[in-house]
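Listed below, chain by chain, are the residues.
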Amino acid sequence: MNLKMKPVVDDLKPYEPGKPIEAVKEELGLDSVIKLASNENPHGSSQAVQKQLQEAGAPNLYPDGHAQALRQAVADHLQVKEGQLLFGAGSDEVILLLCRAMLAEQTNTVMATPTFSQYKQNAAVEGAQIIEVPLKDGVHDLDAMVDAIDDETRIVWICNPNNPSGTYVNAETFSAFMERVPSDVLVVSDEAYGEYVEAGDYPDTIAMMNTYENLLILRTFSKMYGLAGLRIGFAVGAEALISKLEPLRPPFNTTTVAQEAAIAALDDQAFVQDCREKNLREKYKLETFFKEKGCMPYPSETNFLLVNVGVNGDRAFDALLQRGIIVRSGEALGFANCIRVSIGTEKENEQFMASFSEWINAQDG
Ligand SMILES: *Cc1c(COP(=O)(O)O)cnc(C)c1O
């Protein structure tokens with residue numbers, strides 16, 4: 001091919017999603033396949049969302065690019081100003097917009113490793129230098145991250161709780177970190193799993209925004225709210241920052257259907273509470289199970305567990321796939337001897353545990 005890409009584009013690899021259910025059924029000739037690979041809500045979405053989808057607004061008309069009705073609902077829910085919100089086609093798009101707005105050659109960005117892949121991916125496209133700071137005992141090493149900041153640093157990414165480790169940074173540590181970060185460096189707190197957190201000392205970043213204008217929060221409707229397929233997420237930040245970012249947003253980046261569904265989802269906090277309780281119960285069950293099998297899971301505040309299986313994660317991945325269960329191998333996620341398992345429904349988890357037992361017991365022999 002003679003077309004000349006930006007040099008960095010030649011080095012990029014496409015995002016590797018969890019394997020789709022239908023593809024696995026076909027490949028292996030299986031009737032039933034369970035996907036515990038993408039941290040989706042296994043309980044679906046609220047009944048109110050189902051109802052709203054049947055009454056969805058006209059598809060021939062462009063959506064309200066400003067997402068006014070949803071904006072109002074989210075502002076009410078979080079007790080922030082409407083002007084503090086930026087909506088995207090998932091928080092993935094907001095990550096892209098932030099990188100476009102702030103990163104270029106001669107700048108750098110600081111992130112943990114391993115962490116969510118899209119910070120690095122989008123920063124690379126903009127030609128920024130990427131400074132990766134290893135997790136310490138599976139947790140963001142905020143002291144080392146502050147030390148990595150220099151005059152060219154534009155964005156520091158804190159994935160809290162972290163994907164793929166499931167671990168979190170507590171309020172005290174996070175506040176001490178914010179105190180040390182220069183005010184001209186943006187701190188992004190990616191809270192894709194924030195609704196799952198049970199820890200009492202998880203930072204209240206919304207409250208902290210009054211103190212730190214350089215703090216931006218990412219939230220999504222893809223995980224707890226069960227709308228991953230509709231692509232909607234948002235950022236909360238200082239009005240001055242949000243108004244700078246707003247012109248970079250494609251004019252109709254979120255759909256009418258997604259906006260309406262998100263309003264319905266947000267309105268049904270009983271569904272959220274129910275899912276949170278189910279997740280917690282199942283998480284304890286799986287943690288106990290793994291420990292009994294001699295596999296140590298990282299402490300998780302999310303709807304997934306990263307667990308050390310003692311051999312390369314690809315082997316566990318393959319063995320589980322043969323049994324109709326899709327997980328993520330840690331190999332591609334930076335934890336070679338781990339798998340990452342999304343916490344499913346009670347029934348899904350039982351099937352997972354039966355298959356995992358079969359495999360690990362055979363390993364011992
Ligand atoms: C899933 C996920 C996202 C992206 O979610 P969207 O579907 O794009 O809203 C962002 N950050 C983390 C850490 C995630 O796990």
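Residues numbered from 1 in each chain as written. Predicted model: local features only at pLDDT ≥ 70, side-chain atom pairs only at ≥ 80, totals over all residues. Heavy atoms only, no water.

As recorded in an unreviewed UniProt entry, the chain goes by Histidinol-phosphate aminotransferase and comes from Salicibibacter cibarius. You can read under Cofactor (unreviewed entry) in the UniProt record for the chain the words "pyridoxal 5'-phosphate". If you open the UniProt record of the chain and go to Pathway (unreviewed entry), you find "Amino-acid biosynthesis; L-histidine biosynthesis; L-histidine from 5-phospho-alpha-D-ribose 1-diphosphate: step 7/9." (UniProt positions renumbered as here; feature names shortened; annotations may be inferred.)

Engineer: I'd like a rundown of the site of the ligand, residues and numbers included.
Structural biologist: The ligand sits among 13 residues. The nearest are Ser91, Asp190, Thr220, Ser222 and Lys223. At 2.5 Å, a side-chain N or O of serine 222 approaches an oxygen atom of the ligand. Notes on the ligand: free accessible area 390 Å², of which the protein chains cover 94%. Of the residues that constitute the shell around the ligand, the class distribution is 4 nonpolar, 5 polar and 4 charged. (Near = heavy atom within 4 Å. Polar contact = N/O pair within 3.5 Å; in protein donor to acceptor, adjacent residues only side chain to side chain. Areas by Shrake-Rupley, 256 points an atom, 1.4 Å probe, with all protein chains shown as cover. Nonpolar A, V, L, I, M, F, W, Y, C, P; charged D, E, K, R; others polar.)

Engineer: Could you give me a rundown of the packing of aromatic side chains, with the residues and numbers involved?
Structural biologist: On inspection of all chains with the given rule, the structure shows 15 aromatic pairs. Relative to phenylalanine 304, the ring of tyrosine 193 has its centre 5.1 Å away and its plane inclined at 75°; by these criteria the two rings are edge-to-face. Placement of tyrosine 193 in the loop between β6 (186–190) and α9 (205–208) and of phenylalanine 304 in strand β9 (residues 304–308) is noted, with a sequence separation of 111 residues between them. Summarising the burial analysis for this pair, tyrosine 193 and phenylalanine 304 share the class buried. Joined through ring pairs, the aromatic side chains of Phe289, Phe290, Phe352, Phe356 and Trp359 make up one cluster. Cation over ring: arginine 340 sits above phenylalanine 304, and NZ or CZ is 5.5 Å from the ring centre. (Phe/Tyr/Trp six-rings, centres within 6.5 Å; stacked < 30°, edge-to-face > 60°. Helix = DSSP H or I, 4+ residues; strand = E, 2+ residues; numbered from the N terminus. Buried < 20%, exposed > 50% of the residue type's maximum accessible area, 1.4 Å probe, protein only. Lys NZ or Arg CZ within 6 Å of the ring centre and 35° of its normal.)

Engineer: Which residues make up the UniProt feature "modified residue: N6-(pyridoxal phosphate)lysine" (unreviewed entry) in the chain, and what values do they have?
Structural biologist: Under the feature "modified residue: N6-(pyridoxal phosphate)lysine" (unreviewed entry), the UniProt entry names Lys223. As for its position among the elements, lysine 223 is in the loop between β7 (215–220) and β8 (233–236). Overall, the relative accessible area of 15% leaves lysine 223 in the buried class. In this structure the side chain of lysine 223 is engaged in a polar contact, spanning 3.2 Å, whose partner is the side chain of tyrosine 193.

Engineer: Describe the pattern of salt bridges, listing the residues and the values that go with them.
Structural biologist: As enumerated under the stated definition, the model contains 14 salt bridges in all. Across the salt bridge formed by lysine 278 and aspartate 274, the nearest N and O atoms sit 2.8 Å from each other. Of this pair, lysine 278 and aspartate 274 are both found in helix α12 (residues 269–292), 4 residues apart, which corresponds to roughly one turn of the helix. A relative accessible area of 28% places lysine 278 in the partly exposed class. A salt bridge links glutamate 282 to lysine 285, with the nearest nitrogen and oxygen atoms 2.8 Å apart. (Salt bridge = Lys/Arg side-chain N within 4 Å of Asp/Glu carboxyl O.)

Engineer: Would you mind going over the packing of helix α4 (residues 68–78) against helix α11 (residues 256–267) in detail, with residue names and values included?
Structural biologist: As a packed pair, α4 and α11 sit with axes 9 Å apart at the nearest point and diverge in direction by 25°. Between α4 and α11, the angle falls in the class roughly parallel. Regarding α4 and α11, the two cross each other, and that crossing is left-handed. Touching Ala69, Leu70, Ala73, Val74 and His77 of α4 are Gln259, Ala262, Ile263 and Leu266, all from α11. (Axes fitted to C-alpha atoms, helices over the stretch in contact; angles between N-to-C directions. Parallel < 35°, antiparallel > 145°, perpendicular 65-115°, else oblique. Left-handed = near helix turned anticlockwise from the far one by under 90°. Contact = heavy atoms within 4.5 Å.)

Engineer: Quick one: what's the story with helix α13 (residues 313–322), residue by residue and with numbers?
Structural biologist: Looking only at α13, the buried set comprises Gly313, Ala316, Phe317, Ala319, Leu320 and Leu321. The N-terminus of α13 is capped by asparagine 312, whose side-chain oxygen sits 2.8 Å from the backbone nitrogen of aspartate 314. Count one or two residues on from α13 and you reach glycine 324, which has phi positive near 85°.

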